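The primary structure of each chain is shown beneath.
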Amino acid sequence: ISLISSHKSKPYRALHMSTYCSLPAKRPPSRKLAGKHRLAGTKLNVTRAHAARSAITNTAKAVASQVADETSTSSAIFNSKSVAAVILGGGAGTRLYPLTKSRAKPAVPIGGAYRLIDVPMSNCLNSGISKMYILTQFNSVSLNRHLARTYNFGNGIMYGGSGFVEVLAATQTPGLGGKEWFQGTADAVRQYSWLFEDIKNKDVQDIVILSGDHLYRMDYMAFVAKHREVNADITIGCLPIDEERASDFGLMKIENTGRITEFAEKPKGPALTAMVVDTSILGLSEDEAKASPYIASMGIYVFKKSALLNFLNFEYPKDNDFGGEIIPKAAADGYHVQAYLFNDYWEDIGTIKSFFEANLALAKNPPQFEFYDARAPIYTSPRFLPPAKVEKCHVKDAIISHGCSLADCSVEDAIIGLRSQIGRGCKIMHAMIIGADFYETDEQKAAIVEAGGVPVGIGEGCTITNAIIDKNARIGKNCIISNAAGVEELEDEENGVYIRSGIVTILRNATIPDGTII
C-alpha cells in the first residue's frame, strides 16, 4: 500500500511489486518428486499464482475507486473553500432579556450543554465551510471566550491551511453619519466588507450570511449549490408556512422558477391573502403545498461576493438592513433573487417564550430536534466533567447534563444544565435549570450556610415549575417558584426575579432566600 501511495503514476507496477514481495519465497520442487506428488505441487503453484493475480486485480479496483473518491473529495473541498460564512451576533437581545443581561444572544445556553452559536458554527463545519467570521457588538465577552475554547483551528492545517474562525467586534468607523457603531445587519457586514477582498479570501466566490439565534440543522453547501445552479445574485433560505402563522413572518411571492418577485412584512387580511404561492414549485408535495401556501424568510442568505460588495458599497450604501431594505430593493431593481426551500425543523429563539418552549421540546420523546446526530453533530466546548449522579430520583422526559448531582427528587419535562445541584425532596417540572460555572466544596457550602448565605444550586424541598433558573443562581430551601398568580410581566431585578410572558426567570448569580414563594 505504501508503494501504491508513493507511485501513483504507475499503480499497476507498484501493485505488482508489492504483491510479489509479499509472497513467501518457495524453492523449486525437487527432481526426486514424481507422479502425482509433482502434479500436486504444480497445482499448488498455479493456485498461488491465481490468488496473487486476483489480489492484484481487486487491489487495483480499490485503488481506482479510492482515487475517484479522492478526486470527488478534492472537488468538494475546493467548493467549500470558495465559500465564507458571516454569522451575525445579533442586537442587544432585548426580547431575550434578562438572559442577555450579561451575555450576547448567541452565547445564551441551550439544551443543557450548548450555546446558540454552536448551531450555525456546527452547520458550517458539517457542511465543509471552514472560513467563518462572527460579528459581535453587545455583551460579547462570554461569546468570545466560548468561541476561543471551542473553535480553535490553530494554524488551520486541518483545512489545508485556509480555515479560520475570526471574531469581528464592533468598532467606531467613519461612515455617512460620522463615527458609528453597527447600525443593522447590512451595516455590520459593510463595515468589514474590505475583508472579503483580502488575499486570504481570494478564492471566495460566495458569502453565506447566517443568524446566531436560530435552532436547526442544515447543509449549507446544498444551499450554495442551488444558488450557483441558477446563477442567482442572492438566494434566501425559505420555510413553508401555514395560514395561521404566516402573518408573524416576512413573506415572499415567487415565479414558477423560484425567483422572488415580491416581499411583504407581516401582512394581514387581504394583504396576507395576496401573498399565497404555489409552494410545490419549491419541491413540496401537492398536499403539503395546500397546507402551507406561504413562504417565509429564515433570515439566512447566500450572496455572490461581487454582488454583496456592490450592494453594500455602491448600489445601496445608505441601507442598513438586509431583509427589510437591501434584498427587496435588489429584487425590484432586477437582480436575481432566488428562493431555497428548507422543509425541516427550524425555530427562531428570539423571545423568552420561544426560548423556553424550544428547550423543553428537546426533552420530549421523540424530540423534533436532537443535538446529536452521528452524521452532523452539534459541537460545543469540551468541559471534561464527570457523568451526572442521580440518586433515588423520579425522572421523566428530561435532559440531565454532565456534572450534575440529583438526590431523592422528581424531575419531569425539564432541562437540567451543567453542574446543577438539585437537593433532596425537590420537584422540578416544566422548568429549565441552566446550571453553574463552578462547584462548591462541602466545606465551602457549610461556611456559606453558617454565614447566613445560600449555596449554589437548588436547595432541599423546593418546587420549581414554569421557570428558568439562570447560571450560578442560589435557591434556598423550601422555596416555591411557580407564578401561581399568573402574572404576565414583572421586573424585580433588585431581588433577582423577572417575569415575561408568564415565565419566571431567576437572574444569573441571584440569591433567593429560604422559604421564598414566587
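As a convention, each chain's residues are numbered from 1 in the sequence order in which they are written. In keeping with the predicted nature of the model, local features appear solely for residues at pLDDT of at least 70, side-chain atom pairs appear and are counted solely at 80 or more, and the whole-chain, interface and lining totals rest on all residues. Side-chain metrics rest on all non-hydrogen atoms present in the structure, leaving aside hydrogens and water.

### With respect to the confidence of the model for the chain
Phase 1: Note on scores: pLDDT gives the predictor's confidence for each residue, bounded by 0 and 100. Averaged over the chain, the pLDDT score is 83; the fraction of residues at 70 or greater is 81%.
Phase 2: Predicted confidence for residues 1–53 stays below pLDDT 50, and this span has 24 contacts to residues more than four positions away or in other chains.
Phase 3: Any two residues whose heavy atoms approach within 4.5 Å at even a single point are treated as in contact. The model gives residues 59–78 a pLDDT under 50, and that stretch makes six contacts with residues more than four places away or in other chains.

### Here's the deal with the packing of helix 11 (residues 305–315) against helix 12 (residues 322–332)
Phase 1: Orientation is described by axes fitted as lines to C-alpha atoms, over the contacting stretch for helices, and by angles from 0 to 180 degrees between their N-to-C directions. Runs of E in the DSSP output that reach at least two residues are strands. Runs of H or I that reach at least four are helices, and both are numbered from the N terminus. Relative to each other, helix 11 and helix 12 sit at 110°, their axes nearing to 12 Å. It follows from the interaxial angle that helix 11 and helix 12 lie roughly perpendicular. Of the residues in helix 12, those in contact with Leu 308, Phe 311 and Leu 312 of helix 11 are Phe 322, Ile 326 and Ala 330.
Phase 2: Within the contact of helix 11 with helix 12, the residues separate by chemical class into six nonpolar, no polar and no charged. Any angle that falls under 35 degrees is termed roughly parallel, while one over 145 is termed roughly antiparallel, one within 65 to 115 roughly perpendicular, and all others oblique. Throughout, the ten residues Ala, Val, Leu, Ile, Met, Phe, Trp, Tyr, Cys and Pro are labelled nonpolar, Asp, Glu, Lys and Arg are labelled charged, and all others, Gly among them, are labelled polar.

### Things to note about the pattern of salt bridges
Any two side chains of opposite charge can pair, so long as their charged atoms come close to each other.
Phase 1: The rule for a salt bridge is simple: a side-chain nitrogen of Lys or Arg has to be within 4 Å of a carboxyl oxygen of Asp or Glu. Applying the stated criterion across every chain yields a total of 15 salt bridges.
Phase 2: Its salt-bridge partner being Asp 373, residue Arg 375 comes within 3.5 Å of it at the nearest N-O pair.
Phase 3: The salt bridge partner of Glu 391 is Arg 424, with a shortest N-O separation of 3.5 Å. One end of the pair, Glu 391, is in strand 16 (residues 389–391); the other, Arg 424, is in the loop between strand 20 (421–422) and strand 21 (427–433), and 33 residues separate them in sequence.
Phase 4: Between buried and exposed lies partly exposed: a residue is buried under 20% and exposed over 50% of the maximum accessible area for its type, with that area taken using a 1.4 Å probe on protein chains only. According to the relative accessible area criterion, Arg 424 is partly exposed, its value standing at 39%.
Phase 5: Residues joined in a network through salt bridges with shared partners are Asp 437, Lys 471 and Arg 508.

### Overview of the packing of aromatic side chains
Phase 1: Note on aromatic contacts: the rings of Phe and Tyr and the six-membered ring of Trp form a pair at centre separations within 6.5 Å, being stacked when their planes are under 30 degrees apart, edge-to-face when over 60 apart, and tilted otherwise. Counted by the stated rule, this structure contains 16 aromatic pairs.
Phase 2: Ring geometry for Tyr 216 against Phe 342: centres 6.0 Å apart, planes inclined by 80°, an arrangement best described as edge-to-face. Highlighted residues: Tyr 216 in strand 9 (residues 214–216) and Phe 342 in the loop between strand 14 (337–341) and strand 15 (346–348), separated in sequence by 126 residues. Of the two residues, Tyr 216 and Phe 342, neither departs from the other in class, the shared state being buried.
Phase 3: Members of the aromatic cluster, each reached through a chain of ring pairs, are Tyr 301, Phe 303, Phe 311, Tyr 316, Phe 322 and Tyr 335.

### Some thoughts on the pairing of strand 8 (residues 206–211)
Phase 1: Within strand 8, six of the six residues are buried, which leaves the element mostly enclosed by the surrounding structure.
Phase 2: Here strand 8 shows a buried face lined by Asp 206, Val 208 and Leu 210 and a second buried face lined by Ile 207, Ile 209 and Ser 211.
Phase 3: Should DSSP find at least two bridges between two strands, the strands are taken to pair. Note that strand 1 (residues 83–88) and strand 8 share six bridges and pair parallel. Paired with Ala 85 across the strands is Val 208, a residue of strand 8.
Phase 4: With four bridges joining them, strand 8 and strand 13 (residues 294–304) adopt antiparallel strand pairing. Bridging across to strand 13, Asp 206 finds its partner in Lys 304.

### Details of the side chain of Glu 440
Phase 1: Among the structural elements, Glu 440 can be located in the loop between strand 21 and helix 14 (442–450).
Phase 2: When its relative accessible area of 14% is taken as the criterion, Glu 440 is described as buried.
Phase 3: Residues adjacent in sequence count toward polar contacts only when both atoms are side-chain atoms; beyond that, a polar contact is any pair of N or O atoms within 3.5 Å, and within protein one must be able to donate a hydrogen and the other to accept it. Only 3.1 Å separates the side chain of Glu 440 from the backbone nitrogen of Val 456, close enough to count as a polar contact.
Phase 4: A polar contact is formed between the side chain of Glu 440 and the side chain of Arg 474, at a distance of 2.9 Å.
Phase 5: Apart from the residues lying within four places of it in its own chain, the contact partners of Glu 440 are Lys 445, Ile 448, Pro 455, Val 456 and Arg 474.

### Description of the pairing of strand 21
Phase 1: Sheet topology places strand 19 (residues 410–416) next to strand 21; six bridges connect them, and they run parallel. Residue pairing in the sheet places Glu 412 in a bridge with Met 429 of strand 21.
Phase 2: Bridge count between strand 21 and strand 23 (residues 463–469): six bridges; the pairing is parallel. The residue bridging Ile 428 from the neighbouring strand is Ile 464, located in strand 23.

### Let's talk about the environment of Thr 136
Phase 1: Relative to the helices and strands, Thr 136 is located in strand 4 (residues 131–136).
Phase 2: Relative accessible area serves as the criterion here: at 3%, Thr 136 is assigned to the buried category.
Phase 3: In this structure, the C-alpha to C-alpha distance between Thr 136 and Pro 106, residues 30 residues apart in sequence, is 9.3 Å.

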